[in-house]
Amino acid sequence: MTAPALSESPPAQLPRFRAGLADIVRYLVIGVIALGLMYFVWGLYLAGEPLFAVVVMALMLGIVVVYGARKFYTARFVFPAVTAVLIFIALPVLYTSYVGFTNFGARNLLTFDRVTAYHMNQKAVDRSTERPFALLAADDGYRLFLPGAEGGLLSEIFELDGTPVTLKLQLVAVVPDGIVPMRDVVKFRSQLGAVTAELPDGSDIQASGLRSFAKVTSVYERQDDGVLLNTVDGSTLTPDDSVGFYRNEAGQTVAPGWRVHVGLENFRRVLFNDGIRQPMLQIFLWTVTFATLSMVLTFSVGILLASVLQWEHLRGKAVYRILLILPYAVPAFISILVFRGLFNQNFGEINLILDGLFGVKPNWGTDPNLARAMTLIVNTWLGYPYMMLLGMGYLQSVPAEHYKAAALEGAGPVRTFFSVTLPQILPPFVPLLISNFAFNFNNVVLILLLTRGLPDIPGTQIPAGQTDLLGSFTYRISFQDAGQNFGLAGAISTLIFIVVGIIAYANFVALRRAAEARGRG
Amino acid sequence: MIVEHPRSLLWRKILAHGFLICFIALILFPFLIVLSISFRPGNFSTGDLIPRQISLEHWSLALGIPYQMPNGAVLQPPFPVMLWLWNSIKIGMIASAGILMLSMTAAYAFSRMRFKGRGFILDSLLIIQMFPAALTVIALYTIFDALGNVTPIFGVDSHWSLILSYLSAITLHIWTIKGYFDSIDPAMDKAAQIDGATPWQTFRYVFLPMSVPILAVVFVLSFIFLVTEYPAAAVLLRETDNMTLAVGARQYLYEQRYLWGDFAAAAILSGLPITLVFLLAQRYLVSGLTEGGVKG
């Protein structure tokens, strides 16, 4: 092969000033990117996310150093890829584990500052200062008018567009024209909320209803020790950092809560709380069973088909091959949903056929064992072509002499397969079988799209299903049904990560061995 | 050639073909049913494999064209399928282009440069990629929720967020491209070096033009993987109009609103192009998976 582009690539001999210009452009680009990222650092810090601010800061420094200094020329090639993996795989894994040690969830979603701000924003209306108002249409805007005994108070012209304004009110003797009718005032409800009117005595009033303005004050006043004092009834709210809630005087927690560290609380719940441990154990066993059976079934079917397809006397291999890998070629999310429809209890085609042939209508959706059988059937359907394709590759590496020898010894096809073929193709298959196991261990997509974990295990504290895998169970805790308990989900995820880590390492060792074996062979 | 008895050979051939044909019939049954359903009128109809009455209503709705029923009522498309398909293709294309750039530069460094931690990074990438993405979606959601406070472009419910998070799906591709780069004769590097080319110029003007086929394969594989990705997309995309096909298709089959016929037509329409691309690319997929994973 030639390298045609080499001869037409003179950039090494470019004039000097071009190189200088290129450097300036490079530093400019780095500068712009760094500034952009600084904006994110600042924004994240303001939003109360110091952890992510630090990560973006590190990213920015990394870019400046790696692309700024000549010394890191080599690193420039690897930096983007490694950074992407670190930020979007490694960081999420670590962060998920970290969340397992907190009470982060739908009830404790905000930061402490935002919870305090929420309470401080609660307003009380002083009914004694309440007085009616009218909105007057003016040339290019509106005026606010508060009628008094004679005449009333009138504001300057302002734009009623929702931006907060403070209006000074002047005493006028006559009632002006152009009062906006009530039905139009209704439309400006939210915009009126941003209007503050300053009375001649210096006090501020705000809209307290559709017809009235009144003095509106914050309900809570923050004391020096962080306790919130209710200025209306004198009660207090005390922040409790151990649970991430304000407590009232009776000791009850008041929503919303904020995120705090709860130590091993979530792990304790997973491992020792009966309402969670029981379904967890059941789900874990099913997950292992599912992954093992899926691996065995797809491998068996795949290898069987590969062996048949490899047979030298068989014609039409190409056509069979294409048809047999179709289940792998169709996007999984479509075929899984197709099966969801086909297995439907009442109008699914599978039950219609079974009903016609044998007069039975199995309850795929509600019977636990049938539902599990269904997931295995669908997963085998989805997974065997992969094993078949790999098997066809590895079968070719078995020397033909071995088959001849077996035939001369009088071995039948079955005997030959188990004594000659399988022992030879199994070693290179081991790493792929391990990663297949790991994949099915976390085959969340299949469960979420096919059964959503249903049918439910009866009598559990949090919704858990008979077909739920650990992964889909966790996903459901985080994003469906049970009110988004990220902390608990994080704890379970951490346990799964440990299992996956062990599997991944085993796979890695197996890969190394396979590579070494190849090197020797 | 092994001598076999002609009679037993014939029987075996019949057996093998019979088995394969039965198996294929069983495997393809779901596809045939779905094709049939897509032409049956209504969403609950049952009937023969070859529909007695052919109706194009589901196909019309899948293409986004309102369908006029014989009784005069007009059916509106339940979901913007074509928009979803477009979203999927757009996100898949942009993210795959990004993935290709990240993985080919990294693969070049891993193949041709000697630096500290090279072996360690390569091994770590292999181990890290086994961690299930589906379980880190909480973190992914939190990250983009936080970024969304700064700018909605990288917030939840934005395509750019999804694309950014997809950029991490590069490990296998790095291994595949590296395997190809490893097979390029080192004399090429030497020649370029003697001509005064920097490593970047060697990569840009020597390696890239020689690797177009493998890069095309990686692009297609990555595209297929991203178009069919579900967990991250399901968490990050909330609005109906923002959804990708993988997320949106789920909307058809809720217990309360079961649009079996509409789903069938939409599934075929949207699944067909992806399937065809896959069938063209599949032979490379397997060699990439086995070679990439095993070459040390």
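As the structure is a prediction and not an experimental result, all values here were calculated from the model. (Residues numbered from 1 in each chain as written. Chains lettered and ligands numbered in written order. Predicted model: local features only at pLDDT ≥ 70, side-chain atom pairs only at ≥ 80, totals over all residues.)

Glancing now at the nonpolar core. In this structure, A:Phe333 and B:Ala267 are the most contacted members of the largest nonpolar core, which totals 178 residues. Among the elements that line this core, the one with the most residues is helix α4 (residues 75–99) of chain A, at 14 residues. Filtering out sequence-adjacent residues up to four positions away, A:Phe333 remains in contact with A:Val445, A:Leu449, B:Thr228, B:Tyr230, B:Ala246 and B:Ala249. Listed in part, the 15 residues of the second largest apolar core include A:Leu154, A:Ala197, A:Ile205 and A:Ala207. (Core = buried A, V, L, I, M, F, W, Y, C linked by C-beta atoms within 7 Å. Buried ≥ 20, exposed ≤ 12 C-beta atoms within 10 Å, placed from the backbone. Helix = DSSP H or I, 4+ residues; strand = E, 2+ residues; numbered from the N terminus. Contact = placed C-beta atoms within 7 Å.)

So, on to the interface of chain B and chain A. Chain B puts 82 residues into the contact, and the matching count from chain A is 89 residues. Looking at the side of chain B that touches chain A residue by residue, the class counts come to 60 nonpolar, 18 polar and four charged. (Nonpolar A, V, L, I, M, F, W, Y, C, P; charged D, E, K, R; others polar.)

Residues and elements named next belong to chain A. You can see glycine 383 is positioned in helix α13 (residues 368–395). For the pair formed by glycine 383 and leucine 293, sequence separation is 90 residues and the distance between their alpha carbons is 12 Å. With residues near it in sequence (within four places) discarded, glycine 383 still touches Ser294 and Thr298.

For chain A, the assigned domains read domain 1 (13–99), domain 2 (123–218) and domain 3 (269–520). For domain 1 of chain A and domain 2 of chain A, the distance between their C-alpha centres works out to 51 Å. (Domains from an automatic or database assignment.)

Moving on to the domain arrangement of chain B. Residue and element names in this part refer to chain B. Once the domains are mapped, chain B shows domain 1 (6–75) and domain 2 (81–294). Once you take the C-alpha centre of each, domain 1 and domain 2 turn out to be 33 Å apart. In this assembly, 14 residues from domain 1 lie in contact with 13 residues from domain 2. Going through the elements one at a time, α1 (6–39) and α2 (57–62) are the ones with two or more residues in the side of domain 1 that touches domain 2. In terms of residue class, the side of domain 1 that touches domain 2 is built from eight nonpolar, five polar and one charged.

On to the sheet that holds strand β4 (residues 152–155) of chain A, then. All names here are of chain A. Ordered by their spatial adjacency, eight strands build an open sheet running β1-β8-β7-β6-β5-β4-β3-β2, and the pairing between neighbours is mixed. Strands at the two margins of the open sheet, each flanked by one partner only, are β1 (123–132) and β2 (134–138). When the angles between neighbouring strand axes are averaged without regard to direction, this sheet yields 35 degrees. Relative to strand β7 (residues 204–207), strand β6 (residues 195–198) runs antiparallel, the two sharing three bridges. Residue pairing across strands places glutamate 198 opposite aspartate 204, the latter belonging to β7. (Pairing = 2+ DSSP bridges. Axes fitted to C-alpha atoms, helices over the stretch in contact; angles between N-to-C directions.)

Quick look at the packing of helix α7 (residues 171–182) of chain B against helix α10 (residues 212–227) of chain B now. Residues and elements named next belong to chain B. Two numbers describe how α7 lies on α10: the axes approach to 10 Å, and their chain directions differ by 165 degrees. Here α10 runs roughly antiparallel to α7, going by the angle between their axes. Seen along the crossing, α7 lies across α10 with a hand that is right-handed. Listed contacts from α10 to His173, Thr176, Ile177 and Tyr180 of α7 are Ile214, Val218 and Ser222. Tallied by class, residues from the contact of α7 with α10 come to four nonpolar, three polar and no charged. (Parallel < 35°, antiparallel > 145°, perpendicular 65-115°, else oblique. Left-handed = near helix turned anticlockwise from the far one by under 90°.)

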